[in-house]
Amino acid sequence: MDLNRYHFTFDPRKKGLRKILGDLEADVMEAIWARGRATVHDVQEWLAAADRELAYTTVMTVMSRLADKGLLEKRKDGAAYVYVPAASKEEFTNRTVGTVLSELLDDFSAPVMSQFVELMGEQDEAAIEALAKAIEEKRRRADSDV
């Protein structure tokens with residue numbers, strides 16, 4: 001999955017994937033990640049079961065746009081199209097977070113690092129220890145590459 005093809009906005013006021021995707025896009029992606037692969041009809045039924053009644057054409061349009069953006073792959077299967085995620089939810093989340101952080105670091109390096117350290121200091125000791133281990137591992141890998 002190439003995130004450069006997907007233009008997203010980041011809205012920190014929203015929860016979860018909705019920070020990155022629109023509400024309906026997030027619901028569609030959740031449905032497809034849950035199933036692994038799905039037709040428009042499958043997603044429409046999944047959304048209806050979650051009390052989100054939508055027209056077939058609305059779901060089809062959103063899924064087609066997600067495919068155009070590179071988040072879904074569209075494959076012909078008989079008379080219907082089957083959509084599969086271009087990346088797992090974890091891969092998508094990791095890549096998106098990496099993109100957001102990279103862009104923030106490019107423009108605001110010192111404040112980003114300062115705020116990150118400050119926020120990590122508010123976490124429990126296990127989170128701080130995990131960060132320290134990650135930094136040490138990164139240093140070890142950098143030293144071995146030299």
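This one's a predicted model, so the numbers in the text were calculated from it and none came from an experiment. (Residues numbered from 1 in each chain as written. Predicted model: local features only at pLDDT ≥ 70, side-chain atom pairs only at ≥ 80, totals over all residues. Heavy atoms only, no water.)

### Some points on the overall build of the chain
The cut-off we apply is this: Elements are defined by DSSP. Helices are runs of H or I of four residues or more, strands are runs of E of two residues or more, and each kind is numbered from the N terminus. In this description the radius of gyration comes from C-alpha coordinates, and the expected globular size is given by 2.2 Å times residues to the power 0.38. Only protein chains enter the calculation, and the probe is 1.4 Å; a residue is then buried if its accessible area is under 20% of its type maximum, exposed if over 50%, and partly exposed in between. Between two residues, a contact is recorded if the distance between any of their heavy atoms is within 4.5 Å. With residues, only the protein chains shown are counted as cover, and all accessible areas are computed by Shrake-Rupley using a 1.4 Å probe. The charge count treats Lys and Arg as positive and Asp and Glu as negative. His and the chain ends do not count. Just so you know, the charge point we use is NZ for Lys, CZ for Arg, CG for Asp and CD for Glu.
Helix and strand content of the chain: five helices and two strands. Ordered by position from N to C terminus, the α and β elements of the chain give α-α-α-β-β-α-α. The C-alpha atoms of the chain give 19 Å as radius of gyration, which overshoots the globular expectation for 146 residues (15 Å, by more than 25%). Based on the C-alpha atoms only, the size of the chain along its principal axes is roughly 55 × 35 × 30 Å. Within the chain, the proportion of its 146 residues that are buried is 28%. Pairs at least 24 residues apart make up 47% of the contacts formed inside the chain by residues separated by at least 6 positions. A total of about 9800 Å² of accessible surface is found on the chain, and carbon and sulfur atoms cover 52% of it. Across the chain, 21 positive and 27 negative side-chain charges occur, with their mean positions spaced 5 Å apart.

### What to know about the nonpolar core
Definition in use: Nonpolar cores were defined as sets of buried Ala, Val, Leu, Ile, Met, Phe, Trp, Tyr and Cys residues, with membership established by side-chain atoms within 4.5 Å.
Val28, Ile32, Val43, Met63 and Leu72 are the most contacted members of the largest nonpolar core, which has 25 residues in total. With seven residues, the top contributor of residues to this core is helix H1 (residues 23–35). With sequence-adjacent residues up to four places away left out, Met63 is seen in contact with Val28, Ile32, Ala38, Thr39, Val40, Val43, Leu72 and Tyr83.

### Description of the pairing of strand S2 (residues 80–85)
Consecutive side chains along a regular strand alternate between the two faces of the sheet. Defined as follows: Whether two strands pair comes down to DSSP finding at least two bridges between them.
Bridge count for strand S1 (residues 72–77) against S2 is six bridges, and the pairing is antiparallel. Its bridge partner being in S2, Lys74 is matched across the sheet by Tyr83.

### Quick notes on unusual backbone geometry
Positive phi values are uncommon outside glycine, yet Asp51 reaches one of about 60 degrees. Along the chain, Asp51 falls in the loop between helix H2 (40–49) and helix H3 (56–68). By relative accessible area, which is 73% here, Asp51 ends up exposed.

### Description of the environment of Leu131
Turning to its location among the elements, Leu131 is positioned in helix H5 (residues 125–145). Under the relative-accessibility criterion, Leu131 is labelled partly exposed at 24%. Distance from Leu131 to Glu53, taken between C-alpha atoms, is 43 Å for residues 78 residues apart in sequence. Ignoring any residue separated from it by four or fewer positions in sequence, one finds Leu131 in contact with Phe116 and Met120.

### Re the packing of aromatic side chains
Note the threshold: Under the pairing criterion, centres of Phe, Tyr and Trp rings, with the six-membered ring standing for Trp, must be within 6.5 Å; the plane angle then separates stacked pairs below 30 degrees from edge-to-face pairs above 60, leaving the rest tilted. We call a charge positioned above a ring when the Lys NZ or Arg CZ atom is no farther than 6 Å from the ring centre and deviates by at most 35 degrees from the ring normal.
Considering all chains together, one arrives at one aromatic pair under this definition. Ring geometry for Trp33 and Phe92: centres 5.8 Å apart, planes at 45 degrees, overall tilted. On the criterion of sequence distance, the pair formed by Trp33 in helix H1 and Phe92 in helix H4 (residues 89–121) is long-range, its members being 59 residues apart. Across this residue pair, the class does not change: Trp33 and Phe92 are buried. The ring of Tyr81 carries Lys74 above its face, with NZ or CZ at 4.5 Å from the centroid. Taking NZ or CZ as reference, Lys76 lies 4.8 Å from the ring centre of Tyr81, over its face.

Keep in mind these numbers describe shape, not what the thing actually does.
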